[in-house]
Amino acid sequence: MADAIQPLGRNTFGNPANTGKVLSEEEALNLLNSWVENERLRLHMKQVAAVMKAWALERENLSEEEAYKWWLAGLLHDADWEKHPTEHCRIIIEELERRNVDPSVIHCIASHGPRHFGVEPENSMDKMIYVFDELSGFIHAAALIRPSRYEGMDVKSILKKLKTPSFAAQVSREDIQDALSRISNSLEEIIDFIISHQKDVA
Ligand SMILES: [Fe+2]
């Protein structure tokens, strides 16, 4: 993410009266497709969405309804990045507030880059989007240079690439470390989870 992003300057988002209100899958995908032209960015957002939902269901044991909020936050977290790079996050947040979306979804999106947006991840949904965002993109970059893509990809090769500063240099190792320091799971476990849950996302 560029350094010119303006911090959001607030810590509360949405209206508590909208708790439980979400966009339908069709509305969310329409928003993504109309705001984002870059296919690779679209895929990144879908991958983060899939990994977030899988984590909510498998690791947090949440209901389908709750896991859908994780999916929605993942799907839309970078919706304004392409068209509004310096106002990244603020534009999508204001759009979701206008559409009366559940405040937890909006807070989660606002928490996906504390160093840039100035919003601290509070709950597990917030913490996991921060953990998954950069690592998901990093693992996909690694898949793209392998002829067999995700097939046979192992955790060790990703760990090695993380220690190679020139590989996917734009991915902040500092953000990855900071995100991981807020949860109790290991880097190896997170990498393994991402590989197995984003490989089939198209
Ligand atoms: Fe992202």
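Residue numbers run consecutively from 1 along every chain, following the written order of its sequence. Under the rules for a predicted model, residues below a pLDDT of 70 receive no local features and side-chain atom pairs below 80 are neither given nor counted, while totals for whole chains, interfaces and linings still include all residues.

Looking at an unreviewed UniProt entry, one finds the protein chain named Hydrolase, with Flavisolibacter ginsenosidimutans as its source organism.

(A) Focus on the overall build of the protein chain. Comment: elements are numbered from the N terminus, with helices defined as DSSP H or I runs of at least four residues and strands as E runs of at least two. Within the protein chain, the secondary structure is distributed over 10 helices and 0 strands. Going from the N terminus to the C terminus, the protein chain shows its helices and strands as α-α-α-α-α-α-α-α-α-α. Relative to the globule expectation of 17 Å for 202 residues, the C-alpha radius of gyration of the protein chain, 16 Å, shows essentially globular dimensions. Structurally, the protein chain occupies a C-alpha span of about 45 × 40 × 35 Å along its principal axes. Three exposure classes are used. Buried residues have 20 or more other C-beta atoms within 10 Å of their own C-beta, exposed residues have 12 or fewer, and partly exposed residues fall in between, all C-beta atoms being placed from the backbone. Here the protein chain, with 202 residues, has 40% of them falling under the buried criterion. C-beta atoms are first placed from the backbone for all residues, and any pair lying within 7 Å is then listed as a contact. By sequence separation, contacts in the protein chain at least 24 residues apart represent 71% of the contacts at least 6 residues apart. All radius of gyration figures rest on C-alpha atoms, and the globule criterion is 2.2 Å times the number of residues raised to 0.38.

(B) Region of the structure containing the nonpolar core. The term nonpolar core refers to a set of buried Ala, Val, Leu, Ile, Met, Phe, Trp, Tyr and Cys residues connected through C-beta atoms within 7 Å. With 53 residues, the main nonpolar core has Met52, Leu72, Ala73, Val105, Ile109, Phe132 and Ile194 as its most contacted residues. Looking at this core, the elements that each hand over two or more residues are helix H1 (25–35), helix H2 (39–58), helix H3 (64–76), helix H4 (90–98), helix H5 (103–110), helix H7 (124–144), helix H8 (155–162) and helix H10 (187–198). It is H7 that contributes the most residues to this core, 10 residues altogether.

(C) Main features of H5. Most of H5 is tucked away: 8 of the 8 residues are buried. Among all positions in H5, only Pro103, Ser104, Val105, Ile106, His107, Cys108, Ile109 and Ala110 are buried. Taken together, the buried residues of H5 touch H3, H4, helix H6 (114–117) and H7.

(D) Inspection of unusual backbone geometry at higher detail. Its identity as a non-glycine residue notwithstanding, Arg149 has a phi of 50 degrees, on the positive side. Within the secondary structure, Arg149 sits in the loop between H7 and H8. With 13 C-beta atoms packed within 10 Å, Arg149 lands in the partly exposed category. In this model, Ala168 sits at a positive phi of 45 degrees, which is unusual for a non-glycine residue. Looking at where Ala168 falls in the secondary structure, it is placed in the loop between H8 and helix H9 (173–180). Given 19 C-beta atoms within 10 Å, Ala168 falls into the partly exposed group.

(E) Seen up close, the environment of Leu96. Tracing the backbone through its elements, the reader meets Leu96 in helix H4. Residues Leu96 and Gly14, spaced 82 residues apart in sequence, show a C-alpha to C-alpha distance of 7.8 Å. Apart from residues lying up to four places away in sequence, Leu96 is in contact with Val101, Val105 and Ile106.

(F) Quick peek at the packing of H3 against H5. Closest axis-to-axis distance for the H3/H5 pair is 9 Å, and the angle between their directions is 40 degrees. One element, H3, and the other, H5, form an angle in the oblique class. The handedness of the crossing between H3 and H5 comes out as right-handed. Between H3, through Lys69, Leu72, Ala73 and Leu76, and H5, the contact on the second element is made entirely by Ser104, Val105, Cys108 and Ile109. Polar here means any residue other than Ala, Val, Leu, Ile, Met, Phe, Trp, Tyr, Cys and Pro, which are nonpolar, and Asp, Glu, Lys and Arg, which are charged; Gly is therefore polar. For the contact of H3 with H5, a count of residues per class yields 6 nonpolar, 1 polar and 1 charged. Axis lines are fitted to C-alpha atoms, over the contacting stretch for helices. Their N-to-C directions set the angle, which ranges from 0 to 180 degrees. Angles are sorted into four bins: roughly parallel if under 35 degrees, roughly antiparallel if over 145, roughly perpendicular if 65 to 115, and oblique for all others. Crossing handedness follows the turn of the near helix against the far one: under a right angle anticlockwise gives a left-handed crossing, and clockwise gives a right-handed one.

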